[in-house]
Structures are given as C-alpha cells and as structure tokens.
Amino acid sequence: MLKNRSLMYGLGFGLIIGAALLQLMNAASTGREGAPAPETAPTAVQQLDKEQLKSAASKHFQVFEKDQKVYTQAEADNLIQQKVNEEKAKQPAQAATPVRETYVYISKGMSASQVAESLYQSGVITDRKSFEDQMISQQLTGRIVSGVHAFKGPAPMDQTQVISNITTP
C-alpha cells in the first residue's frame, strides 16, 4: 500500500479539485441570485409582438401561418402526380414514338465479330459479346446473308430478331 501512496494522493486531490471547478462553473452560469444567466433565460413571450415571436421561432423551427396548408410527403406526392396527369391529358395525343429504321450493310465474308461490331455501332444491339456468343451457340455464323438489312423498331432490338434478320435471305 505504501507504493501506491502517491497514486492515492493524486487521485484524491484530482477529485477534490474537479469537484471544486464543477461547483465554480455551476455558480458562474446561474448568476448571483440563483436565476439562469441572461443568455440562457427564455425571453418573456408576453412582451414580444407577433413579428418578433415569429423571427425568434424561425431560428430553430419552420414557421407557417395558421391559414397556410402544410402537406405531408405523401400528400405532396399525390398532388404532383395529379398535376402531371392533368398536363398529360391537356397535351394533344401525340403519335407513339416514331418507328426507327436502321439500315446496315453486311458485306460478303464478314465474320460474326465484324457483323456484331457494325450492329453495335449502328445502335441495333447493345452488347457485342453476347450477340456474338449467341450466334456461335446457335451455330449461325456461317449463315450470315450479305447485303443491306433493315431493322425497324425501337433501338436496341431483341437479339433473336436481329439474328433472324441477318440469317434469312
């Protein structure tokens, strides 16, 4: 115990000094009479007019007029959806998106990878590798017909449609 004597004295003095500092800080914040300090004291609400009260509350909260409607997120989403539907109804009925026509020339002797590259560059397909793999798996690489091929429809098209288009004369 004698070895720990200086440690015990240090802990004891530290606790005493810490408690004294805490009491000192509490006394400074409450003021002399025990009332809260002026910076933390709430202002008297009865002394403020409407504008002063609104500006004081707007520092920490959103302030709305009593007659102003406040919407929840779900209500706001529903109103937006209704307005969008009304605007769509107001617009004249436009024709469906025009059918896109793409023409691709396949020359004689082109490999499946070259055909896939030209179809990819024209926007008919989105993935060259999967198109080429599908051609190989169906063993259609030797059946590619040379010439101009027309692709009508939304881009990119289904790969099976594209394959049937380029393999049928």
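Here goes a summary of the coordinates provided. (Residues numbered from 1 in each chain as written. Predicted model: local features only at pLDDT ≥ 70, side-chain atom pairs only at ≥ 80, totals over all residues. Heavy atoms only, no water.)

Here the focus is the packing of helix 5 (residues 128-137) against helix 6 (residues 159-167). For the pair helix 5 and helix 6, the least separation of the axes is 11 Å and the interaxial angle reads 60°. Regarding the angle of helix 5 to helix 6, the classification is oblique. As for the relative orientation of helix 5 and helix 6, their crossing is right-handed in sense. Residues Ser-130, Phe-131, Gln-134 and Met-135 of helix 5 lie in contact with helix 6, whose contacting residues are Gln-159, Thr-160, Val-162, Ile-163, Ile-166 and Thr-167. In the contact of helix 5 with helix 6, the residues fall into five nonpolar, five polar and no charged. (Axes fitted to C-alpha atoms, helices over the stretch in contact; angles between N-to-C directions. Helix = DSSP H or I, 4+ residues; strand = E, 2+ residues; numbered from the N terminus. Parallel < 35°, antiparallel > 145°, perpendicular 65-115°, else oblique. Left-handed = near helix turned anticlockwise from the far one by under 90°. Contact = heavy atoms within 4.5 Å. Nonpolar A, V, L, I, M, F, W, Y, C, P; charged D, E, K, R; others polar.)

Before going further, it helps to examine the pattern of salt bridges. The final tally for this structure, using the stated rule, is five salt bridges. Of the charged contacts in the structure, one is a salt bridge between Lys-90 and Glu-87, with a shortest N-O distance of 3.6 Å. A residue pair is termed a helical-turn pair when its members lie 3 or 4 positions apart in one helix, as Lys-90 and Glu-87 do in helix 3 (residues 73-90) at three residues. When the shortest N-O distance is used, the salt bridge between Arg-128 and Glu-117 registers 2.8 Å. Placement of Arg-128 in helix 5 and of Glu-117 in helix 4 (residues 112-122) is noted, with a sequence separation of eleven residues between them. On the basis of relative accessibility, which here comes to 28%, the residue Glu-117 falls in the partly exposed class. (Salt bridge = Lys/Arg side-chain N within 4 Å of Asp/Glu carboxyl O. Buried < 20%, exposed > 50% of the residue type's maximum accessible area, 1.4 Å probe, protein only.)

As a further point, take the nonpolar core. Leu-119, Val-124, Phe-131, Met-135, Phe-151, Val-162 and Ile-166 are the most contacted members of the largest nonpolar core, which totals 17 residues. Of all the secondary structure elements, the ones that give two or more residues to this core are strand 1 (101-106), helix 4, helix 5 and helix 6. The greatest single-element share of this core, amounting to four residues, is contributed by helix 4. Among all residues touching Val-124, those that are not within four sequence positions of it are Thr-102, Val-104, Leu-119, Phe-151, Pro-156, Met-157 and Val-162. (Core = buried A, V, L, I, M, F, W, Y, C linked by side-chain atoms within 4.5 Å.)

Time to look at the pairing of strand 1. Burial along strand 1 is one-sided: the residues Thr-102, Val-104 and Ile-106 are buried and none of Glu-101, Tyr-103 and Tyr-105 is. Sheet analysis places strand 1 next to strand 2 (residues 147-152), joined by six bridges and oriented antiparallel. Considered in strand 2, the bridge of Val-104 is made with His-149. (Pairing = 2+ DSSP bridges.)

On inspection of all chains with the given rule, the structure shows one aromatic pair. Their ring planes at 25° and their centres at 6.5 Å tell us that Tyr-9 and Phe-13 sit as a pair that is stacked. Pair noted here: Tyr-9 and Phe-13 are both in helix 1 (residues 5-30), with a separation of four residues, about one helical turn. Just above the ring of Tyr-120 sits the side chain of Arg-128; from NZ or CZ to the centre is 4.2 Å. (Phe/Tyr/Trp six-rings, centres within 6.5 Å; stacked < 30°, edge-to-face > 60°. Lys NZ or Arg CZ within 6 Å of the ring centre and 35° of its normal.)

The next thing to look at is helix 5. Taken as a whole, helix 5 has its buried residues at Phe-131, Gln-134 and Met-135. One side of helix 5 holds all its buried residues, which, seen down the axis, span an arc of 100°. Exposed residues pointing more than 90 degrees away from the buried face of helix 5 are listed as Lys-129 and Ser-137. Where helix 5 is buried, its residues contact helix 4 and helix 6. Put simply, Asp-127 is the residue that caps the front of helix 5, since its side-chain oxygen is 3.5 Å from the backbone nitrogen of Lys-129. Gln-139 sits one or two positions beyond helix 5 and adopts a positive phi of about 55°. (Arc of directions from axis to C-beta. Polar contact = N/O pair within 3.5 Å; in protein donor to acceptor, adjacent residues only side chain to side chain.)

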